[in-house]
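Next come the chains, spelled out residue by residue.
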Amino acid sequence: MTELSPIPQRESARPAAARGPYDGAFDIVCVGAGAGGLATALFSRWRGNSVLILEKAPEVGGTTRKAAFWYWVPNNQAMRDKGMEDPREDCLRYMARLSRPECYDPADPHLGMPAWEYAMFEAIYDNAATATELLKDKGALDYRHCDFVPDYWAELPEDKAPTGRVLVPVDARDTMSDGGLRAVESMSRAAVEAGVDIRTGHRVQRVIRNLAGDVVGVEASAGNGTARRFHARKAVVFCTGGFTHNVEIRKNFLNVPIYGGCAAKTNEGDFIPIAGQLGAQLRNMNYAWMCPVVLEKAIAGDPTLIGTFSPSGDSMIYVSKQGHRVANEKLAYNEMAQKFYEWSPTAGEYPNLVLIAVWDQRSQDHCASDEYGRFIVPPGVDDAHVIKGETLGALTQAIGERLARYEAETGGIRLSADFESNLTAAIARFNGFAETGKDLDYRRGERQVEQLFNGPVAEEPSAPNATMYPISADGPYYAALLSGGTLDTKGGPKAAPTGKILDDTNTPITGLYGVGNCVASASARAYWAGGATLGPILAFAYLAANEADREPPKLTN
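Rules used throughout
- Sequence order sets the numbering: in each chain, residues are counted from 1 along the sequence as written.
- Whole-chain, interface and lining totals are the exception, using all residues; otherwise, since this is a predicted model, local features are given only for residues with pLDDT of at least 70 and side-chain atom pairs are given and counted only at 80 or more.
- Hydrogens and water are ignored here; the side-chain numbers use all heavy atoms of the structure.
- Segments assigned H or I by DSSP are reported as helices when at least four residues long, segments assigned E as strands when at least two residues long, and all are numbered from the N terminus.
- Pairing of N or O atoms within 3.5 Å defines a polar contact, subject to two protein rules: one partner must be a possible hydrogen donor and the other a possible acceptor, and residues neighboring in sequence count only if both atoms are side-chain atoms.
- Throughout, a contact is declared for two residues whenever any of their heavy atoms are within 4.5 Å.
- Axes here mean lines fitted to C-alpha atoms, for a helix over just the part in contact, with angles spanning 0 to 180 degrees between N-to-C directions.
- Note on terminology: angles under 35 degrees are roughly parallel, angles over 145 are roughly antiparallel, angles of 65 to 115 are roughly perpendicular, and the others are oblique.
- In this scheme, a crossing is called left-handed if the near helix is turned counterclockwise away from the far one by less than a right angle; it is called right-handed if the turn is clockwise.
- Ten residue types, Ala, Val, Leu, Ile, Met, Phe, Trp, Tyr, Cys and Pro, are classed as nonpolar, four, Asp, Glu, Lys and Arg, as charged, and the remainder, Gly among them, as polar.
- Between 30 and 60 degrees the pair is tilted, below 30 it is stacked and above 60 it is edge-to-face, where a pair is any two Phe, Tyr or Trp rings, Trp via its six-membered ring, whose centres lie within 6.5 Å.
- Think of it in three bands: residues with accessible area under 20% of the maximum for their type are buried, residues over 50% are exposed, and the middle band is partly exposed, with areas taken using a 1.4 Å probe on protein chains only.
- Salt bridges are defined by distance alone: a side-chain nitrogen of Lys or Arg within 4 Å of a carboxyl oxygen of Asp or Glu.
- A pair of strands is labelled paired if DSSP reports no fewer than 2 bridges between them.

Asker: Please set out the side chain of Asn284 residue by residue, giving values where relevant.
Answerer: When you line up the elements, Asn284 lands in the loop between strand E11 (282–283) and strand E12 (288–294). Separated by 3.0 Å, the side chains of Asn284 and Arg100 make a polar contact. With near-sequence residues (within four places) excluded, Asn284 lies in contact with Arg100, Trp116, Glu117, Lys490, Gly491, Ser521, Ala522 and Ala524.

Structure follows, in structure tokens:
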């Protein structure tokens with residue numbers, strides 16, 4: 001691997017002319033070295049193509065390095081080996097029902113979906129398992145089957161295979177939290193062994209077009225202002241992630257006020273202006289893969305930020321700035337994130353933009369973990385975000401002081417004057433639910449996914465519902481400020497299932513492909529299951545590599 005740093009700044013995205021010297025020629029040029037780029041490069045190389053990967057960060061992996069790397073693969077080989085049935089039409093119904101429930105029609109040939117989105121669903125079902133097995137058989141990404149992991153909406157009647165679709169890298173730890181690191185290690189090692197040329201510290205600024213309008217290469221900035229040009233004889237495939245860390249694009253396209261997210265800091269939407277210069281159409285720019293995040297880390301742009309996938313703590317609740325409990329704290333992360341952005345038409349504000357997690361010493365002692373972005377952390381782990389108080393009164397004062405630090409970023413959010421009394425009442429009501437095991441307000445712990453993401457708890461029998469335990473009448477107490485953030489965004493140029501980027505007439509832009517979160521996701525508002533980003537990415541990487549392999553060589557004039 002060739003490495004140059006620091007990361008160059010973005011320049012004009014206008015395409016460059018083909019005439020001129022080149023610093024190398026390859027059949028396929030992949031832009032981005034996360035899961036999408038590595039998989040596309042591997043599939044392309046195994047078809048006999050020479051392949052170059054250009055990554056703008058100093059290291060490979062992108063957001064994948066931070067992921068658990070569950071990957072959702074319908075009708076995977078491990079399911080079939082165990083006799084677990086996953087019928088195609090039922091899986092498509094599940095995907096369609098959640099993606100656009102307002103359009104869903106089970107009697108329609110496309111289930112009420114636009115033809116493009118339905119075709120993308122078909123491509124996922126038909127190709128994710130094939131891609132997965134090829135990566136495994138070639139030694140690039142072996143897996144173990146997580147047959148106990150449920151889909152996030154396993155109770156829906158459309159989901160006829162509610163468990164069994166999730167895989168994880170074979171050498172990930174038992175908690176599966178380091179799967180991304182293991183995947184990056186194995187896939188990048190396989191790419192190097194296969195002869196893929198990987199160059200970090202190269203930020204692609206624009207594509208190169210010949211006189212016929214074909215994309216025939218890229219221009220990249222490397223360290224010390226060095227400009228590099230690379231010829232792609234067949235195709236350029238962008239795999240550069242979403243626009244989580246491009247504040248301008250984020251604020252103008254996402255329909256909620258997000259402070260940031262846990263994608264790699266290099267996910268700045270680079271492909272959007274580059275493809276836009278070529279006439280690509282955009283889709284689903286208002287959607288994102290979402291999760292709760294620790295407010296302070298998001299505002300600070302902390303590169304180590306990980307979304308709160310698993311909100312640990314049985315004796316723990318979320319309350320609003322008024323001190324009221326407002327949500328089922330154990331909801332799957334994408335769904336919980338929506339709660340922060342409920343709009344009050346009478347108050348003219350987002351009343352839950354910042355929620356406050358409150359827990360007691362029991363949860364601190366038994367539910368702490370440094371995995372999955374949990375806010376209850378053990379001794380020795382950075383706990384600067386944790387607010388402490390010996391009594392609820394002291395905790396209330398400390399929360400108010402912490403919120404005051406961020407008034408400029410939150411629109412002046414403060415605790416209400418009756419916060420402490422409301423919090424006391426909220427705890428008392430929650431404790432009653434915990435004693436009976438029935439949450440009459442928000443039904444906490446009734447769905448499979450809520451039990452899965454409950455996190456560690458005390459070993460002794462706790463309560464009728466493992467997700468709830470009465471909060472202690474005595475301190476100390478703890479709190480953390482939470483808001484909604486993105487794992488990454490879902491919008492971008494529209495791509496065909498083969499990865500070809502489409503212009504405003506749905507005509508492919510010759511030689512230009514996209515895979516992953518840099519292109520539009522047909523999942524729209526849905527988050528089907530853990531790994532519903534990565535499983536489809538592997539399927540589309542496989543399809544893009546196969547289609548790009550068939551491209552005729554292109555001239556640089």
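Asker: I'd like a description of the packing of helix H1 (residues 35–46) against helix H5 (residues 179–194), backed by residues and values.
Answerer: Between H1 and H5, whose axes approach to 10 Å, the crossing angle comes to 30 degrees. The orientation of H1 relative to H5 falls into the category roughly parallel. Seen along the crossing, H1 lies across H5 with a hand that is left-handed. On H5, the residues touching Ala35, Leu38, Ala39, Leu42, Arg45 and Trp46 of H1 are Met187, Ser188, Ala190, Ala191 and Ala194. Residue classes in the contact of H1 with H5 are distributed as nine nonpolar, one polar and one charged.

Asker: Give me the packing of aromatic side chains: which residues, what numbers.
Answerer: Evaluated as defined, the whole model comprises 21 aromatic pairs. Consider the rings of Tyr152 and Tyr527, whose centres lie 5.8 Å apart with planes at 35 degrees: the pair is tilted. Pair noted here: Tyr152 is in the loop between strand E5 (143–145) and strand E6 (166–169) and Tyr527 is in the loop between strand E19 (508–514) and helix H15 (534–549), with a separation of 375 residues, a long-range link. Tyr152 sits in the buried class, given a relative accessible area of 3%.

Asker: For the pattern of salt bridges, give the residues involved together with the corresponding values.
Answerer: Per the counting criterion, the structure on display carries 40 salt bridges. Measuring nitrogen to oxygen at the nearest pair gives 2.8 Å for the salt bridge that ties Glu219 to Arg206. Here Glu219 is found in strand E9 (residues 215–221), whereas its partner Arg206 is found in strand E8 (residues 203–209), with 13 residues between them in sequence. For the pair shown, Glu219 and Arg206 are each scored as buried.

Asker: Could you give an account of unusual backbone geometry, naming the residues involved and the relevant values?
Answerer: The omega torsion of the bond from Gly475 to Pro476 falls at 5 degrees, within 30 degrees of zero and hence cis. Structurally, the position occupied by Pro476 is in the loop between helix H14 (448–452) and strand E16 (477–489). Positive phi, close to 70 degrees, is recorded for Met176, a residue that is not glycine. In this structure, Met176 sits in the loop between E6 and H5. For Asn506, which is not glycine, the phi torsion reads 65 degrees and is therefore positive. Tracing the chain through its elements places Asn506 in the loop between strand E18 (500–502) and E19.

Asker: Describe the environment of Ala425, naming the residues involved and giving the relevant values.
Answerer: Take Ala425: it is sitting in helix H13 (residues 419–436). C-alpha separation for the pair Ala425 and His324, spaced 101 residues apart in sequence, amounts to 8.3 Å.

Asker: Pulling in residues and values, what's your account of the sheet that holds E5?
Answerer: Spatially, three strands are ordered E4-E6-E5 in an open sheet, and the strand pairing comes out antiparallel. Pairing within the sheet leaves two strands with one partner each, and these edge strands are strand E4 (71–72) and E5. Judged from the two bridges that link them, E4 and E6 form a sheet pairing that is antiparallel. Bridging from a neighbouring strand, Trp72 pairs with Val166 of E6.

Asker: Could you give me a rundown of the pairing of E19, with the residues and numbers involved?
Answerer: The element E19 is extensively covered by neighbouring structure, given that five of its seven residues are classed as buried. Pairing of strand E10 (residues 227–238) with E19 involves three bridges; the strand directions are parallel. What sits directly across from Val237, in E19, is Tyr513. For E18 and E19, the ladder comprises two bridges, and the chain directions are antiparallel. Bridged to Lys500 within E19 is Tyr513. Counted between consecutive antiparallel strands, the loop separating E18 from E19 contains five residues, among which Asn506 sits at a positive phi close to 65 degrees.

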